[in-house]
Every structure is written in C-alpha cells, then in structure tokens.
Amino acid sequence: MRALVISGGGSKGAFAGGVAQYLIENKKLNYDIFIGTSTGSLLVSHLALKKVEEIKQIYTSVTQDSIFDVCPFIIKKKKGIETIGIHHVNVLRNILRGSKTFGESHNLRSLIKKNFTLEDYNELKKTDIDVVITVSNLSLNQVEYKSIKDFDYDEFCEWIWISCNYTPFMSLAKKNGCEYADGGLGSMVPIEEAIKRGATTVDAVVLKTEVAQLNRMPSINAFSLLTNMFAFMLDRIESQNIRIGKFVASNQNTIINFYYTPTILTTNSLIFDKEKMTKWWQSGFYFAEFKDEEVSPLETE
C-alpha cells in the first residue's frame, strides 16, 4: 500500500500541491491512503479524486477574505518584506462578542463545502481510497485522525475545516463536547499514522527545509511574537514526527520518500498571495521532477 502524507504549513501548501501533481500525473503513482494535516487536509480529497488542476486553481486563488470572516491582522509591506500587524478593531470586536479567539474563519468552512461537493464525496466513498484528516482534540489532549469512511458529507467537511483552524487566530471548534483546533498542534507530519493504516511506501511532503536555514526576525508586536512562538513549537513537533516516522518505518520495513522545500518559501504562512502561491506550486512540481530524475538512475541499477 502506498500513502501520500502532506504536512501543515499554511500558504506553503501550494508547494505540496505541485509535488503531488508530479507524482500523480507524471509519475502515475496510485495511492491507497491520503493523509493531510492543516493545509494538507485541504488538498487530499481532490488529489484522491485526481482533480489536480481543479484544486490548483482553487488553492492558488485563496485570499485572506476567502478564509476569514473576522481577520485579526493586517498585512504590512516594508522594503519588499511582508509582516502582519494587529487589526485592533476586529480583535477588540471579536473579544467583546465573547469569542475565545482573535479571529474567525467560517468563510473557510463555506469555501470547503463549495469546492468539495457532495458529488465529490460520494465519488470518493465508492473507491477503496482512505482519505484521512488530522485534528487536535484540546479537551482530551490527543491527536485524532478522521477518515472519510467514518463520516457523512457534512461531518467530513467540518473535520477538514477544523484541521485548518490555526488558533488563536482562527476559529476554535466545539464538537461532541470537546474543543478542537489545527491538526498541526499535535501531528504536523503523520507518517506514523500512515504506516499504522498499512502503508508500505510513504511519500511525505514536508513544508520546511530539511536543514534549518532561518534565524527569525525580532518580534515587532504581540501577533508576530505569537506567530514566532507557534512556528518554533510546530517546527519541534514536525521534527519529532519525522524522527518517530523514521523509527516506525525502520521496524516495519516501510519506505519513506521525503519531499522537503529546497528553500525557505515564506516566514509567514498566514499570508496568502496568489502570485507567490502559483510560483510555489510550480516550484513543487519542478522539484519533484528533479528529485525523480536524480533517483531514477539508482533505481535501475
């Protein structure tokens, strides 16, 4: 069995889309399992249906307005560098309304249901492909994996949305008496889960560079401090997931093919820019092609 695992990474998910496009359309790989965390969860259903061009158009066109009905930050650009600042009015209004988060991302839930239709869901359910979404259960302090096989259309779309909710900037979901948030808070690269579900080969797209290349800029406000702190924690979680995945794979004789970003794509993955994301998608495609050409001669020896 072969699995495609796509990590979290916000707008950097466009790179993962490009990698997946090459693997599915050019290398003609067929996957039995698709597992996505956070931004990866937005991609996996369309990829499982091989509707690659459709998800490319949707994904690279996403904007802040597509995601947030209450956006907690504003984007500032100075000397060509984009940073985020606090949108004081929106944040204060949200707090006064009794919200537990700085912003709300209900627009994203509507976007998911608009582009992943009931017909798409039914088409996937007819196959043997397992599409799995990673979520973090804050109440029970555990990571949960939600398979399309176990839920109806509305519930599955909600799990996709929940997996992407990067709290406290986005909505905090309450379901079955528990509070849920972004899957990346618990499992950024769920390789271990793919192996548990029977994968003998895993293609893992990790939305960061293989070797640390970044010294973060000093925090300029409370939001940039929060994003830096979250980025630090998620990097640690990601590294731990990869180490555990490699350990489990070595014991189960599972092959893992890693696809890291060759360069730092952005220092703030909450900023969605159509032009940049289109370039990242293309760079993901070319990188996967280059990696394949590099490996192929070894495989034929």
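Keep in mind the model is a prediction, meaning the values are calculated, not measured. (Residues numbered from 1 in each chain as written. Predicted model: local features only at pLDDT ≥ 70, side-chain atom pairs only at ≥ 80, totals over all residues. Heavy atoms only, no water.)

Q: What's the story with the packing of aromatic side chains in this structure? I'm lost.
A: Between two aromatic rings, the relevant description is the distance of the centres plus the angle of the planes. Here the structure, examined in full by the defined rule, presents 15 aromatic pairs. Taking the centre distance of 5.5 Å and the plane angle of 65° together, the rings of Tyr 31 and Phe 34 count as edge-to-face. Here the two residues Tyr 31 and Phe 34 agree in accessibility, since each one is buried. Geometrically, the ring pair formed by Phe 285 and Tyr 286 is edge-to-face, given 6.0 Å between the ring centres and 80° between the ring planes. When its relative accessible area of 48% is taken as the criterion, Tyr 286 is described as partly exposed. Counting every residue linked through ring pairs, the aromatic cluster contains Phe 102, Tyr 166, Phe 169 and Phe 230. A cation over an aromatic ring shows up here: Lys 146 above the ring of Trp 159, its NZ or CZ 4.4 Å from the ring centre. Its guanidinium or amino end placed over the ring of Trp 159, Lys 175 lies 5.4 Å from that ring's centre, counting from NZ or CZ. (Phe/Tyr/Trp six-rings, centres within 6.5 Å; stacked < 30°, edge-to-face > 60°. Buried < 20%, exposed > 50% of the residue type's maximum accessible area, 1.4 Å probe, protein only. Lys NZ or Arg CZ within 6 Å of the ring centre and 35° of its normal.)

Q: Would you explain the state of the cysteines in this entry?
A: Note: disulfide means a covalent bond formed between the sulfur atoms of two cysteine side chains. One pass over the full model with this rule turns up zero disulfides. Take Cys 157: it sits in no disulfide, and the sulfur closest to it among the cysteines is that of Cys 164, at 11 Å. By relative accessible area, which is 2% here, Cys 157 ends up buried. (Disulfide = S-S within 2.5 Å.)

Q: Explain helix α5 (residues 88-96) here, please?
A: Because the α-helix completes a turn every 3.6 residues, residues three or four places apart line up on one side. All of the buried residues along α5 are Asn 90, Val 91 and Asn 94. All buried residues of α5 project into a common sector of 95° when viewed along the axis, lining one side. Opposite its buried face, α5 presents the exposed residues His 88 and Leu 96, each directed more than 90 degrees away. Where the residues of α5 are buried, they touch β4 (81-86) and α10 (222-252). With its phi angle positive at about 90°, Gly 98 sits one or two positions after the end of α5. (Helix = DSSP H or I, 4+ residues; strand = E, 2+ residues; numbered from the N terminus. Arc of directions from axis to C-beta. Contact = heavy atoms within 4.5 Å.)

Q: Would you mind going over unusual backbone geometry with me for this structure?
A: Residue Pro 168 is bonded to the preceding Thr 167 through a cis peptide linkage, with omega at 5°. Mapped onto the fold, Pro 168 is located in the loop between α8 (153-163) and β7 (173-175). The backbone of Ser 38 shows a phi angle near 55°, a positive value even though the residue is not glycine. For Ser 38, the position within the fold is in the loop between β2 (33-37) and α2 (39-48). Even without being glycine, Asn 176 reaches a positive phi, approximately 55°.

Q: I'm lost on α10 in this one. Help?
A: Look at α10: 44 Å from first C-alpha to last across 31 residues, which is about the 45 Å you get at 1.5 Å a residue. Residue Asn 253 follows α10 closely and has a positive phi angle near 55°. (Expected span 1.5 Å × (residues − 1).)

Q: I keep staring at the packing of helix α1 (residues 13-26) against helix α3 (residues 52-59) and nothing clicks. Help me out?
A: Each pair of packed helices can be described by the angle between their axes along with the distance between the axes. Viewed as axis vectors pointing N to C, α1 and α3 meet at an angle of 170°, and their least axial separation amounts to 10 Å. Looking at the two axes, α1 sits roughly antiparallel to α3. The segment α1 lies against α3, with Gly 13, Ala 14, Gln 21, Ile 24 and Glu 25 engaging Val 52, Glu 53, Lys 56 and Tyr 59. Its residues assigned to classes, the contact of α1 with α3 shows four nonpolar, two polar and three charged. (Axes fitted to C-alpha atoms, helices over the stretch in contact; angles between N-to-C directions. Parallel < 35°, antiparallel > 145°, perpendicular 65-115°, else oblique. Nonpolar A, V, L, I, M, F, W, Y, C, P; charged D, E, K, R; others polar.)

Q: What's the story with the environment of Ile 237 in this structure? I'm lost.
A: Counting through the fold element by element, Ile 237 comes out in helix α10. For the pair Ile 237 and Ser 187, spaced 50 residues apart in the sequence, the C-alpha separation amounts to 6.7 Å. Setting aside residues no more than four positions away along its own chain, Ile 237 makes contact with Gly 184, Leu 185, Gly 186, Ser 187 and Met 188.

Q: What should I look at first to understand a nonpolar patch on the surface in this one?
A: There is a patch of nonpolar side chains on the surface, built from Leu 225, Met 229, Phe 232 and Met 233 and spanning about 400 Å² of accessible area. Among the secondary structure elements, Met 229 is positioned in helix α10. (Patch = residues over 30% accessible without salt bridge, like charges linked within 9 Å, V, L, I, M, F, W, Y side chains within 5 Å. Areas by Shrake-Rupley, 256 points an atom, 1.4 Å probe, with all protein chains shown as cover. Salt bridge = Lys/Arg side-chain N within 4 Å of Asp/Glu carboxyl O.)

Q: Hey, could you run me through the nonpolar core in this one?
A: In this structure, Leu 4, Phe 34, Leu 47, Phe 116, Phe 156 and Val 202 are the most contacted members of the largest nonpolar core, which totals 91 residues. At eight residues, the largest contribution of residues to this core is made by α1. In this structure Phe 156 touches Ser 45, Phe 116, Tyr 121, Val 131, Ile 133, Lys 146, Ser 147, Ile 148 and Phe 151, once residues within four positions along its chain are discounted. (Core = buried A, V, L, I, M, F, W, Y, C linked by side-chain atoms within 4.5 Å.)

Q: I keep staring at the pattern of salt bridges and nothing clicks. Help me out?
A: Oppositely charged side chains can pair when the atoms bearing their charge come close. Counted under the stated rule, the structure contains 13 salt bridges. Here the residues in one salt-bridge network are Lys 51, Asp 120 and Glu 123, joined through shared partners.

Q: How do you make sense of the environment of Glu 25 when you look at a structure like this?
A: Checked against the element boundaries, Glu 25 lands in helix α1. For the pair Glu 25 and Gly 40, spaced 15 residues apart in sequence, the C-alpha separation works out to 18 Å. Sequence-distant contacts of Glu 25, defined by excluding residues within four places in its chain, comprise Val 52 and Glu 53.

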